Amino acid sequence: MTDMVSVERDDRVATVRFDTGSRANALSQRLIRDLTQAALGFHDAPDISAVILTGRSDQFTMGADLKDPERQDPAQVPLSQRRLLQRAGPRLCAAWEQVDALTICAVEGWCIGGGMALAAACDLRVASRETVFYVPEVERGMNMSWGSIPRFVALLGPARTKRLAALCEKIDAETALGWGLCDALADPGSTLARAQEIAGSAAALPPTALKMVKQDVNVAAMALARATAHRDLEAFLLMQESEDFREGVASFLEGRTPDFTGD
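Residues numbered from 1 in each chain as written. Predicted model: local features only at pLDDT ≥ 70, side-chain atom pairs only at ≥ 80, totals over all residues. Heavy atoms only, no water.

(A) Structural view of the overall build of the protein chain. Helix and strand content of the protein chain: 12 helices and nine strands. Its C-alpha atoms give the protein chain a radius of gyration of 18 Å, within 12% of the compact-globule value 18 Å for 263 residues. Overall size of the protein chain, expressed as C-alpha extent along the three principal axes, is 55 × 40 × 35 Å. Taking all 263 residues of the protein chain together, the buried fraction comes to 50%. Across the protein chain, contacts joining residues at least 24 apart in sequence account for 74% of those joining residues at least 6 apart. When the accessible surface of the protein chain is totalled, it reaches about 12500 Å², and 53% of it is carbon and sulfur. Averaging the positions of the 28 positive and the 36 negative side-chain charges in the protein chain gives two centres separated by 3 Å. (Helix = DSSP H or I, 4+ residues; strand = E, 2+ residues; numbered from the N terminus. Rg over C-alpha atoms; globule rule 2.2 N^0.38 Å. Buried < 20%, exposed > 50% of the residue type's maximum accessible area, 1.4 Å probe, protein only. Contact = heavy atoms within 4.5 Å. Areas by Shrake-Rupley, 256 points an atom, 1.4 Å probe, with all protein chains shown as cover. Lys, Arg positive; Asp, Glu negative; His and termini not counted. Charge placed at Lys NZ, Arg CZ, Asp CG, Glu CD.)

(B) Seen up close, the sheet that holds strand β1 (residues 5-10). An order of β1-β2-β3-β4-β6-β9 is seen for the six strands of this open sheet, with the pairing classed as mixed. Strand pairing shows two members of the sheet lacking a second neighbour, β1 and β9 (184-186), which therefore form its edges. On average, each strand axis in the sheet is inclined to that of its neighbour by 20°, with strand direction left out of account. Looking at chain direction, strand β2 (residues 13-18) and strand β3 (residues 50-54) are connected through five bridges and run parallel. Pairing of valine 16 across the sheet is with leucine 53, part of β3. The strands that helix α1 (residues 29-40) touches are β1, β2 and β3; relative to β1, the one it contacts most, it runs at about 20°. (Pairing = 2+ DSSP bridges. Axes fitted to C-alpha atoms, helices over the stretch in contact; angles between N-to-C directions.)

(C) Looking closely at unusual backbone geometry. Unusually for a residue other than glycine, aspartate 11 sits at a positive phi of about 60°. In this structure, aspartate 11 sits in the loop between β1 and β2. For cysteine 168, which is not glycine, the phi torsion reads 60° and is therefore positive. Assessed through its relative accessible area of 6%, cysteine 168 is described here as buried.

(D) Local environment of the environment of threonine 61. Within the secondary structure, threonine 61 is located in the loop between β3 and α2 (79-85). Here threonine 61 falls in the buried class, since its relative accessible area comes to 0%. A sequence separation of 47 residues divides threonine 61 from glutamate 108, and the C-alpha atoms of the two residues are 8.7 Å apart. What threonine 61 contacts, discounting residues up to four positions off in sequence, is Phe18, Ala24, Asn25, Ala26, Leu27, Trp110, Cys111, Ile112 and Gly115. In terms of polar contacts, threonine 61 uses its side chain to reach the backbone carbonyl oxygen of asparagine 25, at 2.7 Å. (Polar contact = N/O pair within 3.5 Å; in protein donor to acceptor, adjacent residues only side chain to side chain.)

(E) Layout of α1. Compared with the 16 Å implied by 1.5 Å per residue over 12 residues, the 17 Å span of α1 between its first and last C-alpha is a close match. Where α1 is concerned, the buried positions are Leu31, Ile32, Asp34, Leu35, Thr36, Ala38 and Ala39. Here the buried face of α1 lies against β1, β2, β3, α3 (88-97) and α4 (114-120). (Expected span 1.5 Å × (residues − 1).)

(F) Representation of the sheet that holds strand β5 (residues 110-112) within the structure. The strand order β5-β7-β8 describes an open sheet built from three strands, whose pairing is mixed. Unpaired on one side and paired on the other, β5 and β8 (171-172) mark the two borders of the sheet. As paired strands, β5 and strand β7 (residues 132-134) are joined by three bridges and run parallel to one another. The residue of β7 that forms the bridge with tryptophan 110 is valine 132.

(G) Here's a closer look at the packing of helix α5 (residues 148-156) against helix α6 (residues 158-166). At their nearest, the axes of α5 and α6 sit 7 Å apart, and the two run at 125° to each other. Judged by the inter-axis angle, α5 sits oblique to α6. In this structure, α5 crosses over α6, and the sense of that crossing is right-handed. In contact with Ile149, Phe152, Val153 and Leu156 of α5, α6 contributes Pro158, Arg160, Thr161, Leu164 and Ala165. Class assignment for the residues of the contact of α5 with α6 results in seven nonpolar, one polar and one charged. (Parallel < 35°, antiparallel > 145°, perpendicular 65-115°, else oblique. Left-handed = near helix turned anticlockwise from the far one by under 90°. Nonpolar A, V, L, I, M, F, W, Y, C, P; charged D, E, K, R; others polar.)

Shown next, in the form of C-alpha cells:
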C-alpha cells in the first residue's frame, strides 16, 4: 500500500502491517493517514471476516512522533488550524473501530500513548508476554485524547482506566490479560501467529452474523462514547496553551525530569 503500511489478504483474512524503519515505530502524521486509509478499505468488504493489525516484529509503537517534521509549534499555528490537525488521531481510531470485520491487534514490545488508543479501537488484542502497555500523556502535560477514554472504560472499568491513563502506570502483559486489556498472550515474536489463529476461527463462521454481533456489542458498550469523548480534542487544544504542556514535551525531548507547576 505504502512504504510504511502493507496489506495482505489470505482468503477471508487481511493483515495490515506498519513499519517506519525505526525502532520506535512512532505514529507520524503521514503514518496516521496511511493507517486510516488502510482501515477505510475494509469498511465495505463483504469478503473479509477478520483484519489483523500489527507493527514491527519487535515493537508495536512507542506512540505519537514528537519529532515528526510535520509537527508544528502550537504557538505558531492558529486555533482553527490546530483543531483540524488534531482530528487525525481520532479519525484514525474511529476508522479502525468502524471496520465491519472483526479486528485483532497483534502487539509486540511497547504499546504507548497513541498506540494504546489504536489498539483499544480494535476488537481484540494479542500481546507478547514481554509487552508493556503505557499511557504517558499526563506525564507530558496533556490529556489522553483520540476518543480513547470511553474505550478504556469499556475494556477496564473506571478505576483501572484512571490507573492507566491518569496515573500513567506501566501495565505488563500478565496484568493486562487479567484486566481485560488484552485477550491472549503469546511468546515474543509469535503474536501475529496467535492472531492468525483467532482470525481463522472468525473466517470459519458465517461472516454476516459475525459482523452483526460485533456491531451490536460495540453499540451497547459505546452508547455514551460521543457524549463522554466529544471534548477531549478541545481539552487537548487547551492543554497545548499551558506551561505544563510545554514543559512536558520539552523535558521528554531533552531526557530530563519535568518540573510541573499547574500553569
